[in-house]
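Residues per chain, in single letters:
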Amino acid sequence: MRSAPTLLALLAAWPALAGIPTDRAVELEHMLLQDCGSCHGLTRKGGLGRPLTRSALETMPSEVVVAIILDGIPDTAMPPWRPLLTEEEAAWIADYLKTKE
Amino acid sequence: MRPAEFAALVFLGLAAMPVVSVAEDRIQATGSLGVVIERATGSVLVVDRANRAALNRIEGLGDLSHASLTYSPDERFAYVFARDGGLTKVDLVEGKIAARIVQAGNSIGGAISDDGKLVAVSNYEPGGVKVFDAGTLAPVADIPASGKTIGLVDVPGRRFAWAVWDSGEVFLGDFSGAEPRIEMIGNAGQMPFDAVLTDDAHTYLVGLFGEKGVTAFDLWSDRPEPRRFLTDYGKEGQDMPVYKMPHLQGWAFAEGQFALPAVGRHEILWVNRDSLEQVAATPVAGQPVFIIEQPASPYVWVNFALPDNDTVQVVDSRTHQVVDTLKPGKSILHMEFAPRGAEVWLSSRDDNKLVIIDTATRKQVAEIPAQSPSGIFFTNRAHQPGL
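Residues numbered from 1 in each chain as written. Chains lettered and ligands numbered in written order. Predicted model: local features only at pLDDT ≥ 70, side-chain atom pairs only at ≥ 80, totals over all residues. Heavy atoms only, no water.

(A) Highlighting the overall build of chain A. Looking only at helices and strands, chain A has four helices and zero strands in total. Accessible surface, chain A as shown: approximately 5300 Å² in total, 61% of it carbon and sulfur. (Helix = DSSP H or I, 4+ residues; strand = E, 2+ residues; numbered from the N terminus. Areas by Shrake-Rupley, 256 points an atom, 1.4 Å probe, with all protein chains shown as cover.)

(B) Spotlight on the packing of helix H2 (residues 22–40) of chain A against helix H4 (residues 87–99) of chain A. Residues and elements named next belong to chain A. With their axes 11 Å apart at the nearest point, H2 and H4 run at an angle of 60 degrees to one another. By the angle class used here, H2 and H4 are oblique. Relative to H4, H2 is oriented so that their crossing is right-handed. Listed contacts from H4 to Arg 24, Ala 25, Leu 28, Glu 29 and Leu 32 of H2 are Glu 89, Trp 92, Ile 93, Tyr 96 and Leu 97. The residue inventory of the contact of H2 with H4, partitioned by class, reads seven nonpolar, no polar and three charged. (Axes fitted to C-alpha atoms, helices over the stretch in contact; angles between N-to-C directions. Parallel < 35°, antiparallel > 145°, perpendicular 65-115°, else oblique. Left-handed = near helix turned anticlockwise from the far one by under 90°. Contact = heavy atoms within 4.5 Å. Nonpolar A, V, L, I, M, F, W, Y, C, P; charged D, E, K, R; others polar.)

(C) Broad picture of H4(A). With 13 residues, H4(A) should reach 18 Å at 1.5 Å per residue; the first-to-last C-alpha distance of 18 Å fits that figure. Of the residues making up H4(A), those classed as buried are Glu89(A), Ala90(A), Trp92(A), Ile93(A), Ala94(A), Tyr96(A) and Leu97(A). (Expected span 1.5 Å × (residues − 1). Buried < 20%, exposed > 50% of the residue type's maximum accessible area, 1.4 Å probe, protein only.)

(D) The arrangement of the packing of aromatic side chains in detail. Applying the stated criterion across every chain yields a total of seven aromatic pairs over all chains. Residues Trp81(A) and Tyr243(B) carry aromatic rings whose centres are separated by 4.4 Å and whose planes lie at 50 degrees to one another, so their mutual orientation is tilted. Placement of the pair is Trp81(A) in the loop between helix H3 (62–71) and H4 and Tyr243(B) in the loop between strand S19 (227–229) and strand S20 (257–261), with the two residues belonging to separate chains. Both residues of the pair, Trp81(A) and Tyr243(B), count as buried. Over the ring of Phe77(B) we find Lys89(B), and its NZ or CZ is 4.4 Å from the ring centre. Its end group placed over the ring of Tyr124(B), Lys148(B) keeps NZ or CZ at 5.9 Å from the ring centre. (Phe/Tyr/Trp six-rings, centres within 6.5 Å; stacked < 30°, edge-to-face > 60°. Lys NZ or Arg CZ within 6 Å of the ring centre and 35° of its normal.)

(E) View of the environment of Val129(B). Residues and elements named next belong to chain B. The residue Val 129 is located in strand S10 (residues 127–133) in this model. Residue classification places Val 129 among the buried residues on the basis of a relative accessible area of 0%. Through-space distance from the C-alpha of Val 129 to that of Gly 173 is 9.7 Å; in sequence the pair is 44 residues apart. Not counting the four nearest positions on each side in its chain, Val 129 is found in contact with Ala 120, Val 121, Ser 122, Ala 141, Asp 142, Ile 143, Thr 149, Leu 152 and Trp 162.

(F) Examining the pairing of strand S7 (residues 96–102) of chain B more closely. Residue and element names in this part refer to chain B. Pairing of strand S6 (residues 86–91) with S7 involves six bridges; the strand directions are antiparallel. Residue pairing across strands places Thr 88 opposite Arg 100, the latter belonging to S7. Linking two consecutive strands that pair antiparallel, namely S6 and S7, is a turn of four residues; a positive phi of about 70 degrees is found at Gly 95 within it. (Pairing = 2+ DSSP bridges.)

(G) Seen up close, the interface of chain B and chain A. Facing the 22 residues of chain B at the interface are 23 residues of chain A. Of the roughly 1800 Å² buried between chain B and chain A, counting both surfaces, carbon and sulfur atoms make up 57%. For chain B, the biggest contributors to the area lost against chain A are Arg39(B), Tyr243(B) and Leu306(B); these three give 28% of the whole. There are one salt bridge connecting chain B and chain A. (Buried area = accessible area lost by both parts, 1.4 Å probe. Salt bridge = Lys/Arg side-chain N within 4 Å of Asp/Glu carboxyl O.)

Structural measurements only, silent on function.
So this is what it looks like as C-alpha cells:
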C-alpha cells in the first residue's frame, strides 16, 4: 500500500501518535480518506460535508474535532462514529486532519 | 501456458497496463461494454461484459469519489462527473479522453438530455446546475441555486429535474427553446439527499434525510405537486447513524412497488406504486445504500453502508423476504446487472476487484482486478430515461 511509508515516517517523527499500532493506523488512514471521503471528498475538499482540510480546521480546537467525530453533529448528516472508533482513534484522526495536507 | 499462468500474466499486465487503444486491432462494438470508476486513482476502467474482461484504463479524470456517469445515445461516449467539478467525455471506442473541462469547484452528478444533445451537471460548490453541449462541452446555460443541487435527472422533452439539499426546492428546467425556462415545482421537504425518476418518467421521487419521508412529483401532470409519503416509518425505536447516504438511482420498482431504503433504519420499505401506501418492511443486514432490481426477475439486491458493507442481500419482492445473504468482498460499493439479468457485477473497493456473480446460482463466476472500484455503468444505460 502506497500510503504505508509516509505513515511510518509520520509515526516515527511523532511520538504522540505512537499509541495506535501501525496496522490500525493504516486502516484509519484508509477509512479517513475513503469513508469520511464519501461525504467530505477523497481530497477532503468537501462534499455534502464541509471541507476537512488542514486550513479548514485550523481554528477548530482538537477536542472539538474529536467530539464531533465521536458524537456527530445532531440534526445534520454528520454521524456519530463512537460505535466504530475508540477515543484514541478519534484523536488520531483529528490530529491527522489538523496536521496533514 | 496453463490457464492459471495466463490469468496471472493478465493480472500483472493489468496492474501496470499501458493504455491500449481498443480500436487498434479490431472493430469494437460498445453494446457489451461498461465503465468502472476507480475512485482513488482518478481513473476509469473500460470493461467488456461479453468477455468478462477489462479492456483498458483511462487516467487523469480528477477526484472520483462519488463520481457517476451517463452515456451518449450511441453508447460511444461516457460523460464522467467528478467530485472536483471535472466533466470528462471518454471515448470507449478509441479508449481515450475526447474532451475534458473543470466546470465547478465541487460537483455531484449529471444527466444527458433525451435527445443526447445536452449534458447537465449538478454542483455543490457553487451550487447550481450547468448545462453543456454534449458534442463539444461548450457551456450552454448556468442556473445558480441557493445551495447544493442533488438528484439531477433528464426528463423527456429536453428537460431536467433537480432538487436543492439546503432548501428542499425542486426545479424543472426546460431547454427545448431558445432560452431555458426554469420552474420551481414545489418543496420536497428537509434535506433531500437524492432523487430518481421512475422508468416511465412519470414520477420524480425525492428522498429526505432531514425528516422522515419521500416526496413524489407527478411529471406527467401539467402542474406537478409534491405528494409526501412514508412520513412515519420506524416510529418506534431509535434511529441508527447513517455512515453513507443511500443512493436512489437504483431504487427498485418491482411488482408494482417501490423498494426504498429506510434512512437510519436497517430496513427496506415497500410502497405500492399507485397508492404510495407502505405495504411491507424487510429487516436487512444494515443501512441500505443501493436497492437494485435484478432485471426480468422478482428479486432486488441490496448493499449496505459501513460497517456492513461486505454484505449483499437478495430480497424477493413478492414475499418481502431475504432469500440470500452473500459476502462477495470487502467494501461492496456498487452493483450493476447485465441488461437481461444473467449476471451482476459488484465493485469491492477494499479488495481492489470486480466480482461477477451468476444470478441463477448466486455464485461467483469471475473476478477482475480494479483499483478501489466504485460505480459500475454498463452502456445499456444510454437508453433509459433518468439515467
